[in-house]
Amino acid sequence: MSMNMIRKLPTPKEIKELYPLSDKIVETKKQRDKEIADVFTGKSNKFLLIIGPCSADKEEPVLDYISRLVPVQEQVKDKILIIPRIYTNKPRTTGEGYKGMIHQPDPTKKEDMLEGLIKVRSLHTKAIEQTGFTCADEMLYPENYRYLSDLLSYVAIGARSVEDQQHRLTSSGMDIPVGMKNPTAGDMSVMLNSIRAAQASHTFIYRGWETVTSGNPLAHAILRGAVNKHGQTIPNYHYEDLSLLYELYCKKNLQNMAVIVDTNHSNSGKKYLEQVRIANEILHSRRHSKDLEGFVKGLMIESYIEDGSQSTDDAVYGKSITDPCLGWEKTEKLIYSLADQL
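Residues numbered from 1 in each chain as written. Predicted model: local features only at pLDDT ≥ 70, side-chain atom pairs only at ≥ 80, totals over all residues. Heavy atoms only, no water.

Caption draft 1: Layout of unusual backbone geometry. Unlike most non-glycine residues, arginine 207 shows phi in positive territory, near 55 degrees. In this structure, asparagine 253 is a non-glycine residue whose phi angle is positive, near 60 degrees. Residue position: asparagine 253 is located in the loop between helix H7 (239–252) and strand S11 (259–262). (Helix = DSSP H or I, 4+ residues; strand = E, 2+ residues; numbered from the N terminus.)

Caption draft 2: How the structure looks around the packing of aromatic side chains. Summed over all chains, the structure comprises five aromatic pairs. When the ring of phenylalanine 204 is compared with that of tyrosine 206, the centres are 6.2 Å apart and the planes differ by 65 degrees; the resulting orientation is edge-to-face. In this structure, phenylalanine 204 and tyrosine 206 share a single accessibility class: buried. Aromatic side chains tyrosine 249 and phenylalanine 295 sit 5.3 Å apart centroid to centroid with 85 degrees between the ring planes, which places their arrangement in the edge-to-face category. Of the two residues, tyrosine 249 sits in helix H7 while phenylalanine 295 sits in helix H10 (residues 290–295), which places them 46 residues apart along the sequence. A single burial state applies to tyrosine 249 and to phenylalanine 295, both of which are buried. (Phe/Tyr/Trp six-rings, centres within 6.5 Å; stacked < 30°, edge-to-face > 60°. Buried < 20%, exposed > 50% of the residue type's maximum accessible area, 1.4 Å probe, protein only.)

Caption draft 3: Spotlight on the UniProt feature "domain: DAHP synthetase I/KDSA" (unreviewed entry) in the protein chain. The UniProt record annotates "domain: DAHP synthetase I/KDSA" (unreviewed entry) at residues 31–333. Within residues 31–333, the helical portion is 37% and the strand portion 17%, while the C-alpha atoms at the span's ends are 28 Å from each other. (UniProt positions renumbered as here; feature names shortened; annotations may be inferred.)

Caption draft 4: Representation of the nonpolar core within the structure. Leu49, Ile80, Val155, Ile195, Leu245, Leu299 and Ile335 are the most contacted members of the largest nonpolar core, which totals 80 residues. Looking at this core, the element that brings in the most residues is helix H3 (residues 59–76), giving seven residues. Setting aside its immediate chain neighbours within four residues, isoleucine 195 contacts Met180, Ala219, His220, Ala221, Tyr249 and Leu254. Formed by 17 residues, the second largest nonpolar core is a distinct cluster that contains Ala136, Ala156, Ala258 and Ile260. (Core = buried A, V, L, I, M, F, W, Y, C linked by side-chain atoms within 4.5 Å. Contact = heavy atoms within 4.5 Å.)

So, in structure tokens, the structure goes:
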């Protein structure tokens, strides 16, 4: 056979029963979910920073990084709401390379999906216990979402997944904000159609169940830049891009108009140090237009303890093994600078 079934994995319900959450965590998530939702509905004018490593690789440095955000959040709490990134699934263009902690709980060892599911749930749980932050993750596999549905406060749908029907329909059943990235080719209408689908109710098959969703009014756009037919990156964070998206949004009559701007990926051409300049330009655009001030709800920034990236064979503590990230010193300085401008 070309497909070999290794073992039957526990269901999300079984994993949740084996690794339950404390009442304190449940209450923390409830409070955080409301605070974050209020930004998207316009009840709060705080600015969101969805920030952290390109991919979570090892528990110790990830928790170390998130713990460093705690005193920073306290300093900027009147203006900025931080949502740490714990991205445990890593999409790969060719299917090769490190696919994230859910595949490889230890990036230097072989894949183990069961251990990965347990490790990922443990990491998200510890983040809340130790820092009070509920975090963001990317939904690479819609069927896996429920393993973490009681822990996450934000979900992103990647550029390669945003056209997929299952991602759109699963997003319509979530009660937390879901960011839909523009596809790699950059077509904004694809992204907006995904938001429209996620905001509507649907009936479909999910994990073997006939499922009905009520629609997610917190689904919104993420601009991450694009790639043309020659493989050249095309940024879409400039004032003109934001204004165009605002106009397209208005024509679609979608709920809770909102965009998060990804400062890395094709917006920076993966030149991670450019994230500082890009973030500052976006705040300038918001100051220049009342429409954009209310429309641009935040930034997505790839940041870790050390600047840049490394291979999985290297062992630099807190340095990305996937896309290059902004180091901690530059990150801290940037957050305070953004707060001063808001």
